[in-house]
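# Structural overview for review
Here's the letter readout for the chains.
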Amino acid sequence: PVSAFFSIPDALTPSLTPAIVHLKRDFNQAVPLSVDATLQTRFGTFPHSSFISLPPGSQVRASPSYPDPRDQRKRKRNSDDQPAATGFVHVLAPTAELWTSSLPHRTQVVYTPDSSYILHRLGVKPGSQVIEAGAGSGSFTHAAARAAYCGYPDGRDGLGWNGEKKGKVWSFEFHAERAKKLREEIANHGLNGIVRITHKDVCAEGFLVFEEEGETISPAANAVFLDLPAPWLAIPHLTRTEQSALDPEAEVRICTFSPCIEQVTRTCATLRQYGWVDVQTVELSHQRLEVRRQVPRGYDDGAGPRSIAEALTRLKGVNDFREQRKDLQVALSAGEEANFQGLGFKKGNGRKMWGNGEEGRLTSRQEPDLKSHTSFLTFAILPREWTEEQEKEAADKGEDKG
Ligand code: SAM
């Protein structure tokens, strides 16, 4: 396989393609492994050699050969430095999603919930030619590369579903330093040939790519993603002219990503003006729900039943209290309701019982921290244009217009 991003290796090796060190939930660090380097974390010190040769997914304990972090803690009690702690991390092979969660941010980035939805709606599959602008920190670039080059974890060779054309991401960025940095990352990640970064202002100059020899190449794109402040300035360059950046034999799908509704309105108007149809704007709202069982109040904390009948109802179906239920039934039949003093049931195995016999109700609460950059996603389609000959040829073959 071309890139470590497309297949999971049996063991981690020293490489410029980073391994992903998972420190804790939602906290990953991308680390290019090299034999004599060391990773310092708040969970302890990890020589890279302790990761190398391990299968991805392994748990690694902090190195004991470094000074005991608890000693350091004592020494640093009066200093501003955060004390180190002993602990462990997991070391993983890189994927587009893990890169998104660990990459160095040079701009706002598109997070996985958005990029997966966008790529799905753009119909990106192995063989797709995807235009992306601006490339920014390269988060979407990696997601698109995986989808367009090869959607399979076994790293099939990137040919399109019909075996014809290799998938490619044509990425544009007008900030020189960002374009340079992303080019380095793409090379280090083994994605050269799958991602092509062009340093260019797409609003002013469009999406054709100029080779050093003066030759012009068209991305012949069938999917376009614009994460730009003014996408309406780039849309006029996405037409079916003679020197078009679009695939002349395919319908083209576009998505623009804008945080303000004013940007959306302008984008929609420009899309319609330039012949795009099925214009639709959606906003994704991601929520992570924490589901847990509520700790119920037991009988022994003051919320006890006030009558035998209530006690029986509460204990209905609770096996642990079978004996007490029998006693209550007897007391109820004997007309002892007036003498009922409440129940002093023990907590049993430590879990308090909910009155209706369940172990506590399931509750959920929203976690506010799921990372996604709330923006409006505007989708549209530019239909394929048919010449008279193509119409005739398709009719002769009995093909449907696509
Ligand atoms: N989608 C990217 C990601 O997932 O990492 C983030 C893109 S960032 C929000 C927007 C980028 O567009 C910036 O890096 C900016 O330099 C670039 N940009 C803005 N206007 C541009 C233009 N006219 N041509 C090319 N790039 C442009």
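Above this note sits the structure.
Residues numbered from 1 in each chain as written. Predicted model: local features only at pLDDT ≥ 70, side-chain atom pairs only at ≥ 80, totals over all residues. Heavy atoms only, no water.

### Focus on the layout of surface pockets
To find leftover empty space, a probe the size of one water molecule is rolled over the atoms. Put simply, the test is: Of the two site types, the cavity is a set of points on a 1 Å grid over the protein atoms alone where a 1.4 Å probe fits but cannot get out, and the pocket is an open set with protein on both sides within 12 Å along at least five of seven lines, each lined by residues with an atom within 4 Å of a point. Grid points are joined across faces, edges and corners, and a volume is the space filled by probe spheres set on the points. Counting from the N terminus, the helices are the DSSP runs of H or I reaching at least four residues and the strands are the DSSP runs of E reaching at least two. Only Asp, Glu, Lys and Arg are considered charged, only Ala, Val, Leu, Ile, Met, Phe, Trp, Tyr, Cys and Pro nonpolar, and every remaining residue, Gly among them, polar.
Taken as a whole, the second largest pocket spans an internal volume of roughly 510 Å³. In this structure, the second largest pocket is lined by 30 residues; those nearest its centre are Gly134, Glu173, Asp227, Leu228 and Pro229. Elements with a contribution of two residues or more to the lining of the second largest pocket: β7 (129-133), α4 (139-149), β8 (168-173) and α6 (202-205). The residue makeup of the lining of the second largest pocket, split by class, is 15 nonpolar, 9 polar and 6 charged.

### A few points about the site of the ligand
For the record, the criterion: Nearness is judged by heavy atoms alone; a residue qualifies as near a molecule or strand once a single heavy atom is within 4 Å of it. For the purposes of these results, a polar contact is taken to be a pair of N or O atoms within 3.5 Å, where, inside protein, one atom must be able to donate a hydrogen and its partner to accept one; residues adjacent in sequence count only when each atom of the pair is a side-chain atom. All accessible-area figures derive from a Shrake-Rupley calculation using a 1.4 Å probe, and residue coverage is judged against the displayed protein chains alone.
Around the ligand, 22 residues are found, and the nearest of them are Val110, Glu173, Arg178, Asp201 and Asp227. One nitrogen or oxygen atom from the main chain of Lys200 is found 3.4 Å from a nitrogen atom belonging to the ligand. One of the backbone nitrogen or oxygen atoms of Val202 is found 3.1 Å away from a nitrogen atom of the ligand. When the ligand sits alone it has 600 Å² of accessible area, and the protein chains cover 92% of it. Among the elements of the structure, α4 and α6 are those that each provide at least two residues to the shell around the ligand. Partitioning the shell around the ligand into residue classes produces 9 nonpolar, 8 polar and 5 charged.

### Remarks on the pattern of salt bridges
Any two side chains of opposite charge can pair, so long as their charged atoms come close to each other. The cut-off we apply is this: The term salt bridge refers to a side-chain nitrogen of Lys or Arg lying within 4 Å of a carboxyl oxygen of Asp or Glu. The buried label goes to any residue with under 20% of its type's maximum accessible area, the exposed label to any with over 50%, and the partly exposed label to all in between, with areas taken from a 1.4 Å probe on protein chains only.
Applying the stated criterion to the full structure yields 8 salt bridges. Among the ionic pairs, Arg196 bridges to Glu211, the shortest N-O distance being 2.9 Å. Of the two residues, Arg196 is situated in strand β9 (residues 195-199) and Glu211 in the loop between β10 (209-210) and β11 (216-217); the sequence distance between them amounts to 15 residues. Residue class for Glu211 comes out partly exposed when judged on its relative accessible area of 26%. Residue Glu251 pairs with Arg253 through a salt bridge whose shortest N-O separation is 3.1 Å. Here Glu251 falls in the partly exposed class, since its relative accessible area comes to 29%. Within the structure, one salt-bridge network assembled from shared partners comprises Lys180, Lys181 and Glu184.

### Thoughts on the nonpolar core
For clarity, the cut-off: Throughout, nonpolar core names a set of buried Ala, Val, Leu, Ile, Met, Phe, Trp, Tyr and Cys residues whose side chains join them through atoms within 4.5 Å.
Ile118, Val124, Val195, Phe225 and Leu377 are the most contacted members of the largest nonpolar core, which totals 32 residues. Those elements that provide at least two residues to this core are α3 (112-121), α4, α5 (176-188), β9, β12 (223-226), β13 (252-258) and β17 (376-382). Among the elements that line this core, the one with the most residues is α4, at 7 residues.

### Some words on the pairing of β12
Selection criterion: For two strands to count as paired, DSSP must find a minimum of two bridges between them.
Neither face of β12 is left uncovered, since the one carrying Ala223 and Phe225 and the one carrying Val224 and Leu226 both have all their residues buried. Two elements, β7 and β12, share 4 bridges in a ladder whose sense is parallel. Bridge pairing links Glu132 to Phe225 in β12. As paired strands, β12 and β13 are joined by 4 bridges and run parallel to one another. Pairing of Val224 across the sheet is with Ile254, part of β13.

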